[in-house]
Amino acid sequence: MGQRFWNIKTLCIVAAVAVLAFLPRYGSDYAVNIGILVFLYMSLGQMWNLLGGFAGLASLGQQIFVGLGGYTLALVTQEYGMGIAASFGIAVGVSVVFAYVISFPIFKMSGVYFTIGSWIVSEAILVFFRNWKFVHYDAGYNITAAYKIPMGALYLGALAIGVGSIALVYAVLRSKMGLALMAMRDNESAAEVRGVRLYRTKLFCFLISSAYTAVTGVVLYLNIAYVKPGAAFSIDWTVCMVFIAVIGGLGTIEGPIIGAVIYVILRQYLYNFPGISMIILGSVAVAIILLAPKGIMGAIRGRFGVELFSVRRRVDERLE
Amino acid sequence: MELFVQSVISGVLLGGLYAAIGVGLSLVFGIMGLTNIAHGSFMILGSFFVMVFSRQLAGSIVLALAVTLAVMAAVGALTQGALINRVLDKGAEPALLVTFGIAIVVQNILQLIFGADFKSISSPFASVNVVSTKWVVISGEYLVNFLISAALIFILHFIIRKTWLGRSIRAASGNVTAAELMGVNTKRTYIYAMCLALVSGSVGGMLVGQTFGFYSYSGMSYLIIAFGVVVIGGMGSIVGTLIGGVILGVAQLLGAYFFGPGMQIFIGYLTLLVILTLKPRGLLSSMVRK
């Protein structure tokens, strides 16, 4: 606790966020758009990393919450005529309740059964939405409320979501629960014997990650402005999350930041190569993992020992 | 009532096909603990090979299948040896992402070559009804699918239980270190297992291509069926896959019978989740890892 709050690292981070906040004033529309995508995808990556990298819950079903966020936005603004702000609160509520309900069946499964169980839940939701009259079956919604939002405002919203996701993961890991999570990651049985309540800790992580993924989903769909079941509940969302978290470095906070920058910029660049863009993206993913199995941040840490967001606790140097 | 009996019988036969789709996945998971996301895409790759070869080889589907199996075995050996073996001991997530990457590459290469059109493989049994009474109709195609799948599973079961290869596979799945001390080259065993998985997947791919048709991105939708079948049977259990397939097939068709065709898939998933909630490690899990 003896660490000074305003050390060099903190100052650098604050300065970086401040500079990023002024991008819309000076940058091109293209740069702003890239920024929006990087922040939002980073948030998705952070939330998957919290589950897969820290809580040992490698889920393939987090697209449920992206979709729930998108549909909440659409229903709240189109069907009920409420403001966009309301959809954030409702998205959190809906996703927490939904995550809590599905936790009963899927938390009974462990390891790969959990991975597949969560995917089956999301496919079931996809089919359900396609057959649900209330949400216009497969037709979906045009989110007209999103048309009026200026790009600068959307950018600041995305920046807030991105920075918020880092702060949230950091806060979780620095809390008492973070210690429990790390103990679980290293040895689940030993942690349990020591009094870590595995089920509760995992559930809490799942609820946080799901709620924040849904909030990110709301902003994503403010950008996309059109929601339909096949895209909203697509496994592709989770493929991106896994890509970002694993390429960047699983179990690190910096990993998803690096992963998201690489993913978004690579994907934008590859639009110049229609037809083979996805082939290149897949090959790059495989190549990076073969060269650096712990992801880019894992490789950097292994070689240089640099950490930007340290979640480790050290004894104060003056006391040592 | 007639329709009910018909649904159950068709469900059982459909379940055989589902088992053929899933059995390779189960084998690979049971042996190396790999969640192979690329299984569905490899299966569709097999469908495309059968389609192309059957046109090239004077329309003989048997010859086309034989060539396909040889090619797919080579693809499996290459994938496992050059890519997956190198990340297997690095943890579950890197291996998961590698198979994701392979799946994306395979389906987009197929898209590039064949486009996004729906394809199918012609079947000699397509319009033949083996049994046709007032009560039930059994289509020749579904019956042949079931018989081929059952034979496939029987052969795999025999290989795993009775041959030297099967013994080394079981040894590697039980305890890697002990197997290696006994002279089993586990990495090579993994290569053989992946070959078997892709060979069985290609048979599934041919049957799917004849019965439902396919396009370059079909892999993912069949993958979820394969996963479902394998988890209710118990990951790693060969015979469990057949049981899982039959349960899913019957559940889907009864779902369609009771709630309408729109709910067929949904009821299938719901059944999977209910079974997994009650038996979180599947109904039969004989080759449990670690």
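This one's a predicted model, so the numbers in the text were calculated from it and none came from an experiment. (Residues numbered from 1 in each chain as written. Chains lettered and ligands numbered in written order. Predicted model: local features only at pLDDT ≥ 70, side-chain atom pairs only at ≥ 80, totals over all residues.)

**Describing the overall build of chain A**
So, step 1. Helix and strand counts for chain A stand at 15 helices and two strands.
So, step 2. Its C-alpha atoms give chain A a radius of gyration of 20 Å, near enough to 20 Å, the size a compact globule of 320 residues would have.
So, step 3. Considered along the principal axes of its C-alpha atoms, chain A spans approximately 65 × 50 × 40 Å.
So, step 4. Taken across its 320 residues, chain A has 47% of its residues classed as buried.
So, step 5. The long-range share in chain A, meaning contacts at least 24 apart out of those at least 6 apart in sequence, stands at 77%. (Helix = DSSP H or I, 4+ residues; strand = E, 2+ residues; numbered from the N terminus. Rg over C-alpha atoms; globule rule 2.2 N^0.38 Å. Buried ≥ 20, exposed ≤ 12 C-beta atoms within 10 Å, placed from the backbone. Contact = placed C-beta atoms within 7 Å.)

**Points about helix α10 (residues 198–224) of chain A**
So, step 1. Given a rise of 1.5 Å per residue, 27 residues ought to cover 39 Å, and the 38 Å separating the end C-alpha atoms of α10(A) matches this to within 8%.
So, step 2. Of the residues one or two after α10(A), A:A225 is the one with positive phi, at around 65°. (Expected span 1.5 Å × (residues − 1).)

**A few points about the interface of chain A and chain B**
When the parts of a complex come together, some accessible area is lost, and that lost area is often taken as the interface size.
So, step 1. Taken together, the contact between chain A and chain B spans 37 residues of the former and 38 residues of the latter.
So, step 2. Listed by contribution, the elements that provide at least two residues to the side of chain A that touches chain B are α6 (112–130), α12 (235–248) and α14 (277–291) of chain A.
So, step 3. The element that contributes the greatest number of residues to the side of chain A that touches chain B is α6(A), accounting for twelve residues.

**Considerations on the environment of B:V274**
So, step 1. Its place among the elements puts B:V274 in helix α11 (residues 264–278).
So, step 2. On a C-alpha basis, the gap between B:V274 and B:G15 in space is 18 Å, while along the polypeptide they are 259 residues apart.

**Re the environment of B:I191**
All names here are of chain B.
So, step 1. Looking at the secondary structure, you find I191 in helix α8 (residues 186–211).
So, step 2. We classify I191 as buried; it has 20 C-beta atoms within 10 Å.
So, step 3. Beyond its immediate chain neighbours, meaning those up to four positions away, I191 contacts A77, Q80 and G81.

**What about unusual backbone geometry?**
Residue and element names in this part refer to chain A.
So, step 1. In this structure, H136 is a non-glycine residue whose phi angle is positive, near 60°.
So, step 2. Structurally, H136 is set in the loop between α6 and β1 (141–142).
So, step 3. C-beta crowding within 10 Å serves as the criterion here: with 16 such atoms nearby, H136 is assigned to the partly exposed category.
So, step 4. Even without a glycine there, the phi angle at A225 is positive, about 65°.
So, step 5. Mapped onto the elements of the fold, A225 is located in the loop between α10 and β2 (226–227).
So, step 6. A225 sits in the partly exposed class, given 16 other C-beta atoms within 10 Å.

**Digging into the pairing of strand β1 (residues 129–132) of chain B**
Residue and element names in this part refer to chain B.
So, step 1. Inspection of the sheet shows β1 paired to strand β2 (residues 137–139) by three bridges, in the antiparallel sense. Within β2, the position partnered with S132 by the bridge is V137.
So, step 2. Between β1 and β2, which pair antiparallel and follow one another directly, the connecting turn spans four residues. (Pairing = 2+ DSSP bridges.)

**With respect to the nonpolar core**
So, step 1. Formed by 195 residues in total, the largest nonpolar core has its most connected members in A:Y41, A:V242, A:F243, B:I21, B:V28 and B:A193.
So, step 2. If you tally residues by element for this core, the top one is helix α1 (residues 2–32) of chain B, at 14 residues.
So, step 3. Those residues in contact with B:I21 that lie beyond four places of it in its chain are B:M43, B:G204, B:V208, B:Y222, B:I225, B:A226 and B:V229. (Core = buried A, V, L, I, M, F, W, Y, C linked by C-beta atoms within 7 Å.)

**Examining the packing of α1(B) against α8(B)**
All names here are of chain B.
So, step 1. The geometry of α1 relative to α8 is characterised by a closest axis approach of 8 Å and an angle of 165° between their N-to-C directions. Classified by the angle their axes make, α1 and α8 are roughly antiparallel. The two elements α1 and α8 cross, and the hand of that crossing is left-handed.
So, step 2. The residue makeup of the contact of α1 with α8, split by class, is 18 nonpolar, five polar and no charged. (Axes fitted to C-alpha atoms, helices over the stretch in contact; angles between N-to-C directions. Parallel < 35°, antiparallel > 145°, perpendicular 65-115°, else oblique. Left-handed = near helix turned anticlockwise from the far one by under 90°. Nonpolar A, V, L, I, M, F, W, Y, C, P; charged D, E, K, R; others polar.)

**Let's talk about the confidence of the model for chain B**
Residue and element names in this part refer to chain B.
So, step 1. When pLDDT is averaged along chain B, the result is 88, and 98% of the positions lie at 70 or above.
So, step 2. Here residues 286–290 is a poorly scored stretch, pLDDT under 50, and it has twelve contacts once near neighbours within four places are set aside; other chains count.
So, step 3. Here the prediction assigns the complex a pTM of 0.90, and the interface score ipTM is 0.88. (pLDDT = per-residue confidence, 0-100.)

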